[in-house]
Amino acid sequence: YLLAERMVHAGIPGIVVINGARTGTLLVAAAEIAELGVEVHFTTEDGSHGIKGLVTDALKTIFESSSGPAHVYTCGPTAMLRAVGGICIRQNIPCQVSVETMMPCGLGVCMGCVVKVKDDSAVGFSYQRSCYEGPVFKAEEIIWE
């Protein structure tokens, strides 16, 4: 919600929000997002609000019906982040993922919140702290395991 709100206030056109949950009662900030005046698609796994299905179903439909440039920002459960990121990578659409990891210390000291990301080292990856270097990463950088 906060990102969409800031984008609206910055005058960025063409904002589309997909808000999904298992059931309609679990949708987050549905009324507040609707008040922003942006295009909103709701998805619920049980069909109780909006489209019956997953966020990825709505995302694919939007991509199929749109011809303009896109940039995706996503947050939510890891499985959804992986799926949304994968769709964007396959379609060469920039995607930023806000990971949901436990952050035991929140200071970058304990290394309890690390995310495995691609790098140019000999081993091809490193671990970055979601509390310090993140929590937002480019989808194509994350190594989902």
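Q: Give a description of the nonpolar core that names residues and reports values.
A: Counting 18 residues, the largest nonpolar core has Leu59, Phe63, Val72, Val84, Cys88, Cys95 and Val97 as its most contacted members. Those elements giving two or more residues to this core turn out to be helix H3 (55-65), helix H4 (78-90), strand E5 (95-98) and strand E6 (114-118). At five residues, H4 tops the list of elements feeding residues into this core. Excluding its chain neighbours within four sequence positions, the residues that come into contact with leucine 59 are Ile18, Val72, Val84, Ile87 and Cys88. The next biggest cluster of nonpolar side chains, apart from the first, holds seven residues, and it includes Met7, Ile15, Val17 and Ile33.

Q: With reference to specific residues and values, describe the packing of aromatic side chains.
A: One pass over the structure, following the stated rule, counts one aromatic pair. Taking the centre distance of 5.8 Å and the plane angle of 85° together, the rings of phenylalanine 125 and tyrosine 127 count as edge-to-face. Taking relative accessible area as the criterion, phenylalanine 125 reaches 27% and is therefore assigned partly exposed. What makes tyrosine 127 partly exposed here is its relative accessible area of 45%. The ring centre of phenylalanine 125 lies 4.0 Å from the NZ or CZ of lysine 116, which sits over that ring.

Q: Account for unusual backbone geometry, with residues named and values stated.
A: Here the residue pair glycine 134 and proline 135 is connected by a cis peptide bond, since its omega of 10° sits within 30 degrees of zero. In this fold, proline 135 is placed in the loop between strand E7 (125-129) and strand E8 (136-138). Unusually for a residue other than glycine, alanine 29 sits at a positive phi of about 55°. In this fold, alanine 29 is placed in the loop between strand E1 (16-21) and helix H2 (30-35). Judged by relative accessible area, which is 23%, alanine 29 ranks as partly exposed.

Q: Describe in detail the sheet that holds strand E4 (residues 72-75), supporting the description with residues and values.
A: Either a parallel or an antiparallel arrangement is found when strands of a sheet pair, and the pairing is made through backbone hydrogen bonds. Strand order in the open sheet formed by three strands is E4-E5-E8, with mixed pairing between adjacent strands. Across the chains shown, the open sheet's two edge strands, defined by having one partner strand only, are E4 and E8. Going from strand to strand, the sheet's axes swing by 25° on average, the running direction of each strand aside. The sheet contact formed by E4 and E5 spans four bridges and is parallel. By the bridge assignment for E5, tyrosine 73 is matched with glutamine 96.

Q: Could you give me a rundown of the environment of leucine 81, with the residues and numbers involved?
A: With respect to the helices and strands, leucine 81 occurs in helix H4. We classify leucine 81 as buried; its relative accessible area is 1%. In contact with leucine 81, other than residues within four places in its own chain, are Thr74, Cys75, Gly76, Val97, Ser98, Val99, Glu100 and Trp144.

Q: I'd like a description of H4, backed by residues and values.
A: Compared with an ideal rise of 1.5 Å per residue, which puts 13 residues at 18 Å, H4 spans 18 Å between its outermost C-alpha atoms and is within 8% of the ideal. Residues Met80, Leu81, Val84, Gly85, Gly86, Ile87 and Cys88 constitute the buried set of H4. Looking at the buried side of H4, the elements it contacts are H3, E4 and E5. At the exit of H4 stands asparagine 92, carrying a positive phi of roughly 55°.

Rules behind the numbers
Residues numbered from 1 in each chain as written. Predicted model: local features only at pLDDT ≥ 70, side-chain atom pairs only at ≥ 80, totals over all residues. Heavy atoms only, no water. Core = buried A, V, L, I, M, F, W, Y, C linked by side-chain atoms within 4.5 Å. Buried < 20%, exposed > 50% of the residue type's maximum accessible area, 1.4 Å probe, protein only. Helix = DSSP H or I, 4+ residues; strand = E, 2+ residues; numbered from the N terminus. Contact = heavy atoms within 4.5 Å. Phe/Tyr/Trp six-rings, centres within 6.5 Å; stacked < 30°, edge-to-face > 60°. Lys NZ or Arg CZ within 6 Å of the ring centre and 35° of its normal. Pairing = 2+ DSSP bridges. Axes fitted to C-alpha atoms, helices over the stretch in contact; angles between N-to-C directions. Expected span 1.5 Å × (residues − 1).

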